[in-house]
Amino acid sequence: MKKDISSLHVPHNKHTAACEPVRIDLPHEVVLPMNMQSGHDAVPIVQVGDLVKVGQLIAREEGRFSSPVHATVSGKVVEIGSMDTAKGKPTATIRIESDGRMEVDPSVKPPVITDCDSFLQAVRDSGMVGLGGAAFPTWSKFTEAKNPDYHVDTVLINAAECEPYITSDHRMMLAHPELIADGIAYLRKYMSEYLENAVYKICIEKNKPDAIAVLKKTFAGQTDVRIQELNAVYPQGAKQVMLYNATGRVAVAGNRFPSFGALIINVSSLAMMAQCLNTGMPLVERIVTVDGPAVEKPMNLIAPIGTRISELLKYTGLKAEPGKIVRGGPMNGSAICSAEDPIVKVSNAVLVFDEKSAALPEASACINCGRCIEHCPIGISVANVDRVMKVKDEERRVKLLIDTGVRQCVDCACCSYVCPAHRPLLQINQQAKSYLKQYAAGQKEKAGGTKK
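What counts, and at which threshold
Residues numbered from 1 in each chain as written. Predicted model: local features only at pLDDT ≥ 70, side-chain atom pairs only at ≥ 80, totals over all residues. Heavy atoms only, no water. Helix = DSSP H or I, 4+ residues; strand = E, 2+ residues; numbered from the N terminus. Expected span 1.5 Å × (residues − 1). Buried < 20%, exposed > 50% of the residue type's maximum accessible area, 1.4 Å probe, protein only. 1 Å grid on protein atoms, 1.4 Å probe; cavity = no way out; pocket = protein on both sides within 12 Å on 5 of 7 lines; lining within 4 Å. Points joined across faces, edges and corners; volume = space filled by probe spheres on them. Nonpolar A, V, L, I, M, F, W, Y, C, P; charged D, E, K, R; others polar. Pairing = 2+ DSSP bridges. Right-handed = clockwise from strand over helix to strand, strands pointing away. Core = buried A, V, L, I, M, F, W, Y, C linked by side-chain atoms within 4.5 Å. Contact = heavy atoms within 4.5 Å. Axes fitted to C-alpha atoms, helices over the stretch in contact; angles between N-to-C directions. Parallel < 35°, antiparallel > 145°, perpendicular 65-115°, else oblique.

1. Quick word on helix 4 (residues 177–190)
Two residues of an α-helix separated by three or four positions point the same way, owing to the 3.6 residues in each turn.
So, step 1. With 14 residues, helix 4 should reach 20 Å at 1.5 Å per residue; the first-to-last C-alpha distance of 20 Å fits that figure.
So, step 2. Residues P177, L179, I180, A181, G183, I184, Y186, L187 and Y190 constitute the buried set of helix 4.

2. Points about empty space enclosed by the protein
So, step 1. Across all of its chains, the model carries 4 cavities of 30 Å³ or more by this definition.
So, step 2. Put simply, the largest cavity is a space of about 80 Å³.
So, step 3. Around the largest cavity sit 15 residues that line it, and C376, C409, C412, C415 and N429 are the ones nearest its centre.
So, step 4. Elements with a contribution of two residues or more to the lining of the largest cavity: helix 13 (414–418) and helix 14 (425–451).
So, step 5. The class makeup of the residues in the lining of the largest cavity is 13 nonpolar, 1 polar and 1 charged.

3. Thoughts on the pairing of strand 9 (residues 154–158)
So, step 1. Burial within strand 9 is extensive, with 5 of its 5 residues counted as buried.
So, step 2. Side chains T154, L156 and N158 of strand 9 all project onto a buried face; the interleaved residues V155 and I157 project onto the opposite face, where all are buried too.
So, step 3. Bridge analysis of strand 9 against strand 10 (residues 199–205) gives 5 bridges, and the strand direction is parallel. Bridge pairing in strand 10 places I157 opposite I202.

4. What about unusual backbone geometry?
So, step 1. A cis amide bond links Y234 with the next residue in sequence, P235, at an omega value of 5°.
So, step 2. Examined against the element boundaries, P235 turns out to sit in the loop between strand 11 (225–230) and helix 6 (239–247).
So, step 3. Non-glycine residue M102 carries a positive phi angle of around 50°.
So, step 4. Its location among the elements puts M102 in the loop between strand 8 (91–98) and helix 1 (116–125).
So, step 5. Given a relative accessible area of 33%, M102 falls into the partly exposed group.

5. Description of the pairing of strand 11
Looking down a regular strand, the side chains alternate between one sheet face and the other.
So, step 1. Here 6 bridges tie strand 10 to strand 11, and the two strands are oriented parallel to one another. Bridge pairing in strand 11 places C203 opposite Q228.
So, step 2. Taken together, strand 10, helix 5 (residues 209–218) and strand 11 constitute a β-α-β crossover, and its handedness is right-handed.

6. So, the nonpolar core
So, step 1. Core analysis: the biggest nonpolar cluster contains 69 residues, and I96 and F119 have the highest contact counts within it.
So, step 2. In this structure, F119 is in contact with I113, F142, Y186, L187, Y190, M191, M273 and L277, ignoring residues within four places of it in sequence.
So, step 3. With 34 residues, the next largest nonpolar core counts V10, C162, V410 and L426 among its residues.

7. Some points on the sheet that holds strand 9
So, step 1. The strand order across the open sheet built from 4 strands is 11-10-9-12, with neighbouring strands paired in parallel fashion. A strand with exactly one partner marks an edge of an open sheet, and here the two such strands are strand 11 and strand 12 (262–266). The sheet shows a mean angle of 25° between the axes of neighbouring strands, taken without regard to direction.
So, step 2. With respect to the sheet, helix 7 (residues 267–279) is in contact with strand 9 and strand 12, its orientation differing from that of strand 12 by roughly 80°.

8. Some remarks on the packing of helix 4 against helix 7
So, step 1. Closest axis-to-axis distance for the helix 4/helix 7 pair is 8 Å, and the angle between their directions is 75°. By the angle between their axes, helix 4 is roughly perpendicular relative to helix 7. The residues of helix 7 that touch helix 4, namely those facing L179, I180, D182, G183, I184, Y186 and L187, are V267, L270, A271, M273, A274, Q275, L277 and N278.
So, step 2. The residue inventory of the contact of helix 4 with helix 7, partitioned by class, reads 11 nonpolar, 3 polar and 1 charged.

Encoded structure:
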């Protein structure tokens with residue numbers, strides 16, 4: 001791990017930092033994908049023609065790291081279909097036509113929480129996932145802290161929001177600091193056995209002085225809560241980077257985060273978790289920053305999850321023909337297939353780029369300048385990853401890939417950003433990580449077969 005772990009300065013472009021979130025008018029329909037979490041897709045439990053209400057469970061979690069999906073408007077299920085995703089793998093969708101009434105399902109009521117297990121179940125039932133982009137189910141993250149081999153003494157609340165353009169977390173901190181306080185109170189009360197004497201560090205970049213002031217006022221006198229001001233450098237919000245900069249601890253590939261004595265949760269995830277537990281209403285809406293070179297009037301909007309992006313663009317307008325639309329930030333987000341695609345749980349931003357800004361320069365041969373390694377926050381031998389992937393002997397390829405450190409890659413795209421040859425280094429790293437995971441899974445399966 002480098003001594004100066006994050007040193008890339010990208011243009012902030014925080015045009016919407018002073019824009020209070022505006023709630024959009026109720027959309028005509030919502031489209032809810034089943035892959036809004038990091039693990040397996042959820043499975044629909046409704047049928048075409050069913051009438052549903054806001055907060056009603058419409059898809060159950062299924063398999064590892066899945067998460068339930070709830071109706072975000074009241075109305076009729078008019079289609080259970082499919083849509084393409086940025087990764088090329090289709091996912092099932094539930095399309096609900098709004099009845100305009102936004103009737104709340106009778107099942108929506110504050111959960112009865114008496115202990116850690118009932119707390120975790122309530123978080124699980126809420127459908128809460130990491131809203132900063134990771135989409136990891138929140139209940140599963142907290143459950144890891146119960147491992148008797150770990151001792152968690154620090155909870156890192158990720159309020160860095162280091163990517164350009166995005167200000168949805170910033171606006172959440174300004175508008176609802178009380179929900180952040182409630183979220184910490186829930187953890188204190190119901191996970192006390194596993195977070196005994198833990199310090200809660202709200203890790204925020206120094207370029208948000210108004211939010212820092214609000215947080216300091218909110219938590220004045222709470223000695224276990226610290227406002228940790230961090231330099232505004234990218235990728236300050238990556239969990240491995242934040243762990244090091246906030247605690248001096250080094251994350252090691254293959255180990256669970258609580259094994260380093262820390263939990264980490266996005267600030268909006270914590271606030272929305274508290275709102276879900278306070279009211280019983282599951283995760284059905286979120287703040288979305290809409291910005292980018294093609295956007296006429298950048299805004300922060302509050303919209304039901306599943307709202308088509310084209311509906312949001314009616315509020316902001318466009319000043320140029322879109323060349324690319326990205327859900328998330330410009331460094332770490334994913335390009336989508338169409339403006340008719342919906343916002344999902346992790347859609348903290350929708351960025352619209354015009355044709356000129358969306359065009360990618362043609363890649364050329366590596367010139368061995370070393371900039372990718374110099375600016376990698378983890379110190380990965382980035383330039384070697386592509387070469388090693390071409391090694392024919394599989395066992396040697398695996399060993400050499402592990403030696404490059406690619407398993408530690410945080411997907412920040414610093415390498416691609418600084419590469420003078422415009423090589424797709426992030427994508428190469430992602431392919432290498434995927435290959436290593438598949439190889440490990442194959443080896444585990446072989447070992448299991450041998451035992452039989």
